[in-house]
Amino acid sequence: MKIVKLDSITFRLKEQQDFSWMKQYGKPFWCVDETGSGCVCIGIEREGKKYFYKIAGVNTIEAEVTPEESIRVLKDAVSLYYELERV
């Protein structure tokens, strides 16, 4: 298990990864890392607004799928989101 630190938040992964690129979107304040989907969810605050980011393929400690499968599932969810939006 590797501990990843991003400003004031920490999260756990099976392998080390660099998330410093997330700082360009604002200040991280929250994270969910215990997902079977292989995704981490990170809350970012920027200019008084809060945003939700879901990053696939990061090999969480609870991952039940490969990083490649995690990415595919999240990409497939995009079309489902737009379909549900029309309902």
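Please refer to the structure higher up on the page.
Residues numbered from 1 in each chain as written. Predicted model: local features only at pLDDT ≥ 70, side-chain atom pairs only at ≥ 80, totals over all residues. Heavy atoms only, no water.

## Quick word on a nonpolar patch on the surface
Point 1. Together, F29, W30, V32 and F52 line one region of the surface with nonpolar side chains, adding up to about 380 Å² of accessible area.
Point 2. Ranked by residues supplied to the nonpolar patch, first place goes to strand β3 (residues 27-32) with three residues.
Point 3. You can see F52 is positioned in strand β5 (residues 49-55). (Patch = residues over 30% accessible without salt bridge, like charges linked within 9 Å, V, L, I, M, F, W, Y side chains within 5 Å. Areas by Shrake-Rupley, 256 points an atom, 1.4 Å probe, with all protein chains shown as cover. Salt bridge = Lys/Arg side-chain N within 4 Å of Asp/Glu carboxyl O. Helix = DSSP H or I, 4+ residues; strand = E, 2+ residues; numbered from the N terminus.)

## Observations regarding the pairing of strand β2 (residues 9-13)
For a regular strand, side-chain orientation follows a simple rule: the groups alternate between the two sheet faces.
Point 1. Where burial is concerned, the two faces of β2 differ: the one with I9, F11 and L13 is buried and the one with T10 and R12 is not.
Point 2. The pairing of strand β1 (residues 2-6) with β2 spans five bridges and is antiparallel. Bridge pairing links K2 to L13 in β2.
Point 3. The antiparallel pairing of β1 with β2 creates a hairpin that spans two residues between the two strands, and D7 there sits at a positive phi of about 55 degrees. (Buried < 20%, exposed > 50% of the residue type's maximum accessible area, 1.4 Å probe, protein only. Pairing = 2+ DSSP bridges.)

Coordinates in, geometry out; function isn't part of it.
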